[in-house]
There are 2 protein chains.
Amino acid sequence: MSRGHATPRRSDEEPLYDLDVATPSHAEQARTLIEQEQTASLGTLAPGLDTAKDDEPASHPYVSFVTFALETSDPILLVSEMAEHTQNLRLDPRASLLAAERRAADPLANGRVTLLGSCRPTDDESARAAYLERLPNAAYYCDFKDFNFWRLRVESIRFIGGYGRMSWVDAAAWRAATPDPLAPHRERIVEHMNDDHVDAMALLCRTFSKAHDAEQVTMTAVDRYGFEMSVVTERGPRPVRLAFPEAVTTPDAARQALVALVADARAR
Amino acid sequence: MSRGHATPRRSDEEPLYDLDVATPSHAEQARTLIEQEQTASLGTLAPGLDTAKDDEPASHPYVSFVTFALETSDPILLVSEMAEHTQNLRLDPRASLLAAERRAADPLANGRVTLLGSCRPTDDESARAAYLERLPNAAYYCDFKDFNFWRLRVESIRFIGGYGRMSWVDAAAWRAATPDPLAPHRERIVEHMNDDHVDAMALLCRTFSKAHDAEQVTMTAVDRYGFEMSVVTERGPRPVRLAFPEAVTTPDAARQALVALVADARAR
């Protein structure tokens, strides 16, 4: 079901950095994105519209709003038996769940993940525990007799990282992927770098990328494998990604890695 | 397809106000909500998962992220032919669109609307104009040859206003409903009332509701027909809704209506 890209690459621009630089896989990006969210849109199959004529086929797609928590790599829902989506799932377990981030001002520049599979009730204590750890306020109604926990068993994963960055993610890769340990800290790290270390980032760009004249540099993202910057050039802002010497798991390790890179650049 | 409420009413509490007070209809609430949004979740029918076995039925629900604008009462989309949802719609036009507001901290307390119908390409100049007025940045790519405008012809409307407030909205009522003219101003009005006019609101509650001891009052919402407050009582916070003498269409008219109500209360 891979169908290519929705937007063309601007192939006339030579990248300013090595595109083989260590980068989170789409499975890891999807897993990181969904870890940050607790609301999503659930797609189910409704048994036909109430305006249906006799010739109306069954199974209209129906989208509703839900809260969710991941247990390992499957979403867990807590839904009322009276809700439309629950009645739909009782008739047909096929479902999908869309989680979208809201970071960039341009909504289509943000990442989103659609998880497809079958959604069925679960009595697993682990599912309940995962949900209530993430959404503790639900403890107030999770024992109401018309509320049940449901598990979406993920079979297929569509990741869209923004304009032109998208793929169907392998299900085994999805199950193996871990969320980025820096994700909860990335806004703070980016802000700190842009406040206090612009000169150091410009040095890194001049030394380790093709942006040999870099002076105005802004960090735009950081993850366990490296960091991304926007460099002002004569042709406008251009992206540069550089890798940490090795993957990091804490903000302090990221800081040490950045210090080591700057020392390396200064020594050249 | 009306199936009752997802959460029970707490019927042991006598309301502090006349429940027949003028209130926006669910059609009007849904129309107001969707007017404020420009991103949504689109439900389409995918032709089966890539992990499908021979016995896998076709038509898996697929949810994706889109931007949209309303033209009169139908959503207009601008989508790439290469996108999954577009390819799904080319095979089967049945679709639904969920728009959800993000006002309250408790995500399930927020309103959301699902519009169901058939989604087909449109060459209507009015559709293009409505979309580009709402999303002017799309002018940059709307003429790319693989992008087309699509119209979701709304046939059925599901409105959920928060806990326990939900209904299927009549399609004719949906088409007739207009968005609340105060909606773009309501946050500012509510903030102003809570900053400067708590005593006046307490007087209104004591005079025109059963909250005869009201002292601590907070405005929670305002619309063309009236306003809602939360009153601190011995049994905890309780809602009170009061109507304007007649529907208002501007913040200034709302202010005048509030002044008149307070003068009326003082004169009693």
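Just above, that's the structure.
Residues numbered from 1 in each chain as written. Chains lettered and ligands numbered in written order. Predicted model: local features only at pLDDT ≥ 70, side-chain atom pairs only at ≥ 80, totals over all residues. Heavy atoms only, no water.

Enquirer: An account of the sheet that holds strand 9 (residues 226-233) of chain B is requested, with residue identities and associated values reported.
Expert: Residue and element names in this part refer to chain B. Reading across the sheet, the 3 strands line up as 8-9-10 and stay open at both edges, with antiparallel pairing between neighbours. A single partner strand is all that each edge strand has here, and the edge strands are strand 8 (217-223) and strand 10 (236-243). Pairwise comparison of adjacent strand axes, ignoring direction, gives a mean angle of 25° for this sheet. Judged from the 8 bridges that link them, strand 9 and strand 10 form a sheet pairing that is antiparallel. (Pairing = 2+ DSSP bridges. Helix = DSSP H or I, 4+ residues; strand = E, 2+ residues; numbered from the N terminus. Axes fitted to C-alpha atoms, helices over the stretch in contact; angles between N-to-C directions.)

Enquirer: Would you mind going over the nonpolar core in detail, with residue names and values included?
Expert: Of all hydrophobic cores here, the largest spans 34 residues; its most connected members are Leu78, Tyr131 and Tyr141 of chain A together with Leu78, Tyr131 and Tyr141 of chain B. Setting aside its immediate chain neighbours within four residues, Tyr131 of chain B contacts Thr67, Phe68, Ala69, Ile76, Leu77, Leu78, Ala138, Tyr141 and Phe149 of chain B. (Core = buried A, V, L, I, M, F, W, Y, C linked by side-chain atoms within 4.5 Å. Buried < 20%, exposed > 50% of the residue type's maximum accessible area, 1.4 Å probe, protein only. Contact = heavy atoms within 4.5 Å.)

Enquirer: An account of the pattern of salt bridges is needed here, citing residue identities and associated values.
Expert: As a working rule, side chains carrying opposite charge can pair if their charged atoms are close by. Tallying each qualifying case throughout the model produces 35 salt bridges over all chains. Note that Glu37 of chain A is salt-bridged to Arg102 of chain A, the shortest N-O span being 4.0 Å. Linking Glu37 of chain A in the loop between helix 1 (26-36) and strand 1 (39-46) with Arg102 of chain A in the loop between strand 4 (94-100) and strand 5 (112-121), this pair joins segments that are 65 residues apart in sequence. With a closest N to O distance of 3.2 Å, Arg128 of chain B and Asp143 of chain B form a salt bridge. A residue pair is termed long-range when its members are at least 10 positions apart, and Arg128 of chain B in helix 3 (residues 125-134) and Asp143 of chain B in the loop between helix 3 and strand 6 (147-162) qualify at 15 residues. By relative accessible area, which is 24% here, Arg128 of chain B ends up partly exposed. A relative accessible area of 57% places Asp143 of chain B in the exposed class. Through salt bridges with shared partners, a single network forms among Glu71, Asp74, Asp124, Arg151, Arg153 and Arg175 of chain A. (Salt bridge = Lys/Arg side-chain N within 4 Å of Asp/Glu carboxyl O.)

Enquirer: Give me the sheet that holds strand 10 (residues 236-243) of chain A: which residues, what numbers.
Expert: Residues and elements named next belong to chain A. Reading across from one edge, 8-9-10 is the order of the 3 strands in this open sheet, with antiparallel pairing throughout. The open sheet terminates on both sides in strands that have one partner only, identified here as strand 8 (217-223) and strand 10. Across the sheet, the mean angle from the axis of one strand to that of its neighbour is 25°, orientation sign disregarded. As defined by bridge partners, strand 8 adjoins strand 9 (residues 226-233) across 6 bridges and the pair is classed as antiparallel. Paired with Val222 across the strands is Phe227, a residue of strand 9.

Enquirer: Can you lay out the pairing of strand 3 (residues 74-80) of chain A for me, pointing to particular residues and giving the numbers?
Expert: Residue and element names in this part refer to chain A. For strand 3, the tally of buried residues reaches 7 of 7 residues, placing the bulk of the element in the interior. If you look at the hairpin formed by strand 2 (residues 60-71) and strand 3, you'll find 2 residues sitting between the two strands, and Thr72 has a positive phi there, around 45°. One ladder, built from 5 bridges, connects strand 3 with strand 6 (residues 147-162); its direction is antiparallel. Residue pairing across strands places Leu77 opposite Trp150, the latter belonging to strand 6.

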